Structures are given as C-alpha cells and as structure tokens.
Amino acid sequence: MDDFRAKCKKHNLKVTPQRTVIYKELLKARDHPYADEVFARVKKILPNISFDTVNRTLLTFSKVGIADVVEGRGEPKRFDPNTDRHHHFWCIKCNKIIDFEDSSLDNLKISEELQKRFTVLNQKVVLEGICNKCKNKK
Ligand SMILES: [Zn+2]
Ligand SMILES: [Zn+2]
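Here is a short report on the structure shown in this document. (Residues numbered from 1 in each chain as written. Chains lettered and ligands numbered in written order. Predicted model: local features only at pLDDT ≥ 70, side-chain atom pairs only at ≥ 80, totals over all residues. Heavy atoms only, no water.)

**Section: the coordination of the zinc ion (ligand 1)**
At 2.2 to 2.3 Å from the zinc ion (ligand 1) lie its protein donor atoms, namely C91 (SG), C94 (SG), C131 (SG) and C134 (SG). Here the zinc ion (ligand 1) is ringed by four donor atoms whose angles at the metal span 103 to 116°, and the overall shape comes out tetrahedral. (Donors = N, O, S within 2.8 Å, 3.2 Å for Na, K, Ca; no water. Tetrahedral: all angles 85-135°; square planar, octahedral: opposite > 155°, others 65-115°.)

This is the structure:
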C-alpha cells in the first residue's frame with residue numbers, strides 16, 4: 001500500500017477511500033480481472049459506487065503506472081496490479097491469465113533489424129495454451 005500511496009502522490013492523485021478500495025480489490029485478485037469483475041468486488045464494500053467510477057479509476061491507474069492493462073483480443077480490458085516485470089500465460093480454455101517470471105525471457109534479444117523499426121521500452125511475453133487445471137479436467 002505504501003507503493004500505491006507513493007505512486008498516487010507522484011502523479012498528484014488524491015488517495016481517496018474509493019481509490020484505495022479499488023486498488024486493494026485489484027491487488028487481492030491475481031486473476032487479471034475485467035473492469036466489471038473489479039466493480040462487482042468493490043460494490044460489496046462500497047455499495048453505492050458506480051461502474052463508471054470503477055472503470056474510470058482503473059483507467060487512471062493504468063495511465064499512471066499503478067496498474068497495467070492486459071493486451072486483449074478485442075475483448076474488454078483486463079487489469080493487472082502487478083507492474084513489476086513478469087510474463088503471462090493465457091489459458092485458452094478457462095481464459096485465466098497466470099503470471100510467471102523467467103529471466104531468460106526478460107533478456108530476449110531484440111534484433112538490430114527490429115531495433116531500427118521500434119524503440120523497445122518493455123519486454124513482455126505472452127504464452128498461450130492450456131493450464132494444468134484444464135489439462136487435468138477431462
Ligand atoms: Zn485453464
Ligand atoms: Zn500479470
């Protein structure tokens with residue numbers, strides 16, 4: 001939470017009770033939730049909050065680096081409170097996104113060819129497949 005407060009301060013965001021609850025719920029869930037999932041969780045604590053408020057707050061978080069937006073496939077945005085370097089495994093069956101770390105993926109070599117075309121700021125690998133839970137489900 002100190003990290004959250006520090007980031008808010010840096011970007012001149014007030015640490016409001018609403019923002020705090022939204023961040024806490026996002027942080028608790030390691031499942032890269034959609035905005036409406038975060039909304040459902042936050043609503044249990046703040047019954048009067050609107051979807052719009054939650055959604056706007058999440059987008060603000062992602063703008064200032066408090067959360068990340070998971071690159072989607074034309075589906076609604078998903079949010080990730082883990083802004084440290086990590087990679088994603090995306091299960092095509094249950095649609096879960098699972099975090100993992102792998103130093104060899106952190107250090108993937110970008111060819112000169114690509115470096116001429118793009119300025120790479122961040123390397124993130126997304127693996128797609130079937131998670132063990134789904135694999136073992138018959
Ligand atoms: Zn799965
Ligand atoms: Zn993640």
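Past the structure itself, the notes keep going.
**Some remarks on the coordination of the zinc ion (ligand 2)**
Listed as protein donors to the zinc ion (ligand 2) are H32 (NE2), D80 (OD), H86 (NE2), H88 (NE2) and D99 (OD); their distances from the metal cover 2.0 to 2.2 Å. The sequence motif formed by the donor residues of the zinc ion (ligand 2) is H-x47-D-x5-H-x1-H-x10-D. With a gap of 19 residues between them, D80 in strand β2 (residues 78-80) and D99 in strand β4 (residues 97-100) connect regions that are remote in the sequence. According to the relative accessible area criterion, D80 is buried, its value standing at 1%. Exposure remark for D99: the relative accessible area of 22% places this residue in the partly exposed category. (Helix = DSSP H or I, 4+ residues; strand = E, 2+ residues; numbered from the N terminus. Buried < 20%, exposed > 50% of the residue type's maximum accessible area, 1.4 Å probe, protein only.)

**Regarding the packing of aromatic side chains**
Within the structure shown, the criterion is met by four aromatic pairs. Taking the centre distance of 6.0 Å and the plane angle of 85° together, the rings of Y23 and F61 count as edge-to-face. Linking Y23 in helix α2 (residues 17-28) with F61 in helix α4 (residues 51-64), this pair joins segments that are 38 residues apart in sequence. Taking relative accessible area as the criterion, Y23 reaches 7% and is therefore assigned buried. When its relative accessible area of 0% is taken as the criterion, F61 is described as buried. Ring plane angle 85° and centroid distance 5.6 Å describe the contact between F39 and F51, whose orientation is recorded as edge-to-face. A residue pair is termed long-range when its members are at least 10 positions apart, and F39 in helix α3 (residues 35-45) and F51 in helix α4 qualify at 12 residues. In this structure, R78 is placed above the aromatic ring of Y34, and the distance from its NZ or CZ to the ring centre is 4.8 Å. (Phe/Tyr/Trp six-rings, centres within 6.5 Å; stacked < 30°, edge-to-face > 60°. Lys NZ or Arg CZ within 6 Å of the ring centre and 35° of its normal.)

**With respect to the pattern of salt bridges**
Scanning the model with the defined rule gives seven salt bridges in all. Salt-bridge contacts for K28 lead to E25; the nearest nitrogen and oxygen are separated by 2.9 Å. Here the residue K28 and the residue E25 both occupy positions in helix α2, the gap between them amounting to three residues, near one helical turn. Since its relative accessible area comes to 8%, E25 is described here as buried. A salt bridge links D31 to R41, with the nearest nitrogen and oxygen atoms 2.9 Å apart. In this pair, D31 is assigned in the loop between α2 and α3 and R41 in helix α3, connecting sequence segments 10 residues apart. With a relative accessible area of 27%, D31 lands in the partly exposed category. Looking at R41, the relative accessible area reads 21%, which means it is partly exposed. (Salt bridge = Lys/Arg side-chain N within 4 Å of Asp/Glu carboxyl O.)

**Digging into the nonpolar core**
Ranked by internal contacts, the top residues of the largest apolar core, which has 19 residues, are I22, V38, V42, V54, L58, F61 and I66. Only α1 (2-10), α2, α3 and α4 provide two or more residues apiece to this core. Setting aside its immediate chain neighbours within four residues, I22 contacts V38, V42, I49, V54, T57, L58 and F61. (Core = buried A, V, L, I, M, F, W, Y, C linked by side-chain atoms within 4.5 Å. Contact = heavy atoms within 4.5 Å.)

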